[in-house]
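# Residue-level structural notes
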Amino acid sequence: MEKHSTEQLNAVCSQVRRDILRMVHACQSGHPGASLGCTEFFVALYFDQMKHDSSFNPDGKGEDLFFLSNGHISPVWYSVLSRSGYFDTEELKTFRKINSRLQGHPATEEGLPGIRVASGSLGQGLSVAIGAALAKKINGDDRLVYALMGDGEQQEGQIWEAAMCAPHHKVDNLIASIDVNGQQIDGPTKEIMNLLDLKAKWEAFGWEVIVTENGNEITQVIKSLEKAKSLLGNGKPVLNLLHTDMGYGVDFMVGTHKWHGVAPNDEQLENALGQLEETLGDY
Amino acid sequence: MEKILDTKYTYTEKKDTRSGFGDGFLEVGKKNKNVVGLCADLIGSLKMGAFQKEFPDRFFQVGISEANMMGLAAGLTIGGKIPYTGTFANFSTGRVYDQIRQSIAYSEKNVKICASHAGLTLGEDGATHQILEDVGMMKMLPNMTVINPCDYNQTKAATIAIADHEGPVYLRFGRPKWPIFTPADQPFEIGKAWKMIEGTDVTIFATGHLVWEAVVAEAILREEGISVELINIHTIKPLDTAAVLASVAKTGCAVTAEEHQFNGGLGDIIAQTLVRNQPVPQEFIGVDDSFGESGKPEELLEKYGLNAENIVKAAKKAIARK
Ligand SMILES: Cc1ncc(C[n+]2csc(CCOP(=O)(O)OP(=O)(O)O)c2C)c(N)n1
Ligand SMILES: [Mg+2]
């Protein structure tokens, strides 16, 4: 894959943010907050880091794989998949509407290219990613597995079952990231159920832990993912604490849980789009 | 212009049944100081905020940890508390089935499992959240009472009534704004079916949101000269067997209507009851062994064959099979 410049990647991010907002606005539902916050991460993965094939083979042999555990941020994933060639951008119009392949939460049933397992019920994605990473090892496939989780999602017990399991089985072809935005549905994670020191927790479970201080700066995200790769192959999985701002890119959405799962109205959409350049053409 | 139907029950306002739960929860909290609440990061969605504000010492935000929440609830009963747990129906049942089975149902704990966003009418979130199997899972558990009220008022009444019932209860309600067509001051008797409309040709047994669809279906069928008996089965377990049998003895056929899979739902338990006692033709309105999908509630009810029109067809079919 040809390398994209930082300017090109930022241009993609701007378009992806427009897509996210227009998608949730059109159906008046869905989750813009963390979709906006994780835009740089998705663009870094699909436009820079991962070896992947948009003609889409479900078993992904010889490719890097990505699993989204916090499935509610489907808008950013759908936008990035379509912008990287998995399906026509026009299809983004059908998001969350009846008879669509773009289900509210990612699903395989309708056969949307790029999706390998359903998610939406939180806490399950890391286990699936570990399974896929183990399959790669059995197959002698040296490509990598990536996963993303939410920080609120860390409150689910299954996460910690998976956390214990991966180092035990020396799953060192896996990079899991946590979207540390400090927010969840009912409020700041600190107030809802304090996560305390995630770095110490994951380290105690046997993971290599790295921190991305600013997950909304694409060069930093790429640097972190490069570092993560360099740590693999030594018997340990890597955990990336990806600090982002929920709602990043739209001034009135940033840094609050209020936009976790609320769609903008006509006026708010116009205001938001005014802050984001149309770089690749709206669908 | 659509013809206005002469329904036997009418409404002036629509409200979500989860708000009926939220308002009932606050009221029962005032009446009974043993009532406590737990919620897994969905206080807003479940409308539990008013109770939390009024009784902060009797309410626990547990974060996104549903399995943990069920265990905490079981433990709270040991100190004499009456815990109401709140999360979406999917995460109230399938997610935590074994926790409910062992720590609550088998252990006979007085926990009220309050489940919102049940069924297709949850809408755009799609199949991952749209549980259509919860009634089956819950009614299979010994000791469990299963209640699925039909509108805001009935949900509020049920929420208050379950505090006085000793034993585990599954209370199922939903997300969309829905007609309020039952009275505000209704008594709610667990396990007692409510004959809403008397008739002679066919009995419709309906539960949850589909009771309203059945009210509409009755009006359509009446215009065509068909006399419908409509029974509101708010309590699916224990089923009011006497009321079911008395009605079909008169009408000779049945339709069941629910926002659930055929497998495991209201239709199943009515069929069992009829087969054992008094077999008559029965038609099923529900989801036929498939997952749901994203869409608007009305669109989904239409696509999956759950609206009044489908109930009308099923009633005619049941009558023809007599
Ligand atoms: C098992 C489960 N419980 C509850 C929910 C409802 N829910 C969806 S997103 C969310 C909050 C997630 O918080 P976080 O992981 O921090 O994501 P963010 O809000 O940052 O997008 C909750 C509780 C769910 N989808 N799955
Ligand atoms: Mg978060």
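Residues numbered from 1 in each chain as written. Chains lettered and ligands numbered in written order. Predicted model: local features only at pLDDT ≥ 70, side-chain atom pairs only at ≥ 80, totals over all residues. Heavy atoms only, no water.

A few words now on the interface of chain A and chain B. Counting residues at the interface gives 30 residues for chain A and 26 residues for chain B. The three residues of chain A that bury the most area against chain B are Ile98, Glu156 and Asp186 of chain A, which together make up 27% of that side's buried surface. Applying the counting rule to chain A against chain B returns two salt bridges. One salt bridge in this structure joins arginine 95 of chain B and glutamate 156 of chain A, with 3.1 Å as the shortest N-O distance. (Contact = heavy atoms within 4.5 Å. Buried area = accessible area lost by both parts, 1.4 Å probe. Salt bridge = Lys/Arg side-chain N within 4 Å of Asp/Glu carboxyl O.)

Turning next to the packing of helix H1 (residues 6-27) of chain A against helix H9 (residues 218-231) of chain A. Residues and elements named next belong to chain A. Relative orientation of the contacting elements H1 and H9 amounts to 105°, with a least axis distance of 10 Å. Comparing their axes, H9 and H1 come out roughly perpendicular. Only Ile218, Thr219 and Ile222 of H9 make contact with H1, whose side of the interface consists of Thr6, Leu9, Asn10 and Cys13. Split by residue class, the contact of H1 with H9 holds four nonpolar, three polar and no charged. (Axes fitted to C-alpha atoms, helices over the stretch in contact; angles between N-to-C directions. Helix = DSSP H or I, 4+ residues; strand = E, 2+ residues; numbered from the N terminus. Parallel < 35°, antiparallel > 145°, perpendicular 65-115°, else oblique. Nonpolar A, V, L, I, M, F, W, Y, C, P; charged D, E, K, R; others polar.)

Glancing now at the domain arrangement of chain B. Residue and element names in this part refer to chain B. Entries for chain B in the domain assignment read domain 1 (14-179) and domain 2 (194-320). Inter-centroid distance (C-alpha atoms) of domain 1 to domain 2 is 25 Å. Residue-level contacts link 33 residues of domain 1 with 34 residues of domain 2. When residues of domain 1 are sorted by the area they lose upon contact with domain 2, Leu120, Leu132 and Lys139 head the list and together hold 26% of the total. At the junction of domain 1 with domain 2, the criterion picks out zero salt bridges. The tally of links from domain 1 across to domain 2 stands at 24 residue pairs in polar contact (both at pLDDT 80 or more). Per element, the largest residue contribution to the side of domain 1 that touches domain 2 is four residues, and it comes from helix H7 (residues 134-140). Per-class residue counts for the side of domain 1 that touches domain 2 are 15 nonpolar, 12 polar and six charged. (Domains from an automatic or database assignment. Polar contact = N/O pair within 3.5 Å; in protein donor to acceptor, adjacent residues only side chain to side chain.)

Enumeration over the complete set of coordinates arrives at 26 salt bridges over all chains. For aspartate 141 of chain A, the salt bridge goes to lysine 136 of chain A, with nearest N and O atoms at 2.9 Å. Exposure remark for aspartate 141 of chain A: the relative accessible area of 14% places this residue in the buried category. Classification of lysine 136 of chain A as buried rests on a relative accessible area of 3%. The partner of lysine 156 of chain B in a salt bridge is glutamate 27 of chain B, and the shortest N-O contact between them spans 3.3 Å. Placement of the pair is lysine 156 of chain B in helix H8 (residues 152-161) and glutamate 27 of chain B in helix H1 (residues 17-31), with a sequence separation of 129 residues. Put simply, Lys195, Glu198, Glu229 and Lys250 of chain B are held in one network by salt bridges that share partners. (Buried < 20%, exposed > 50% of the residue type's maximum accessible area, 1.4 Å probe, protein only.)

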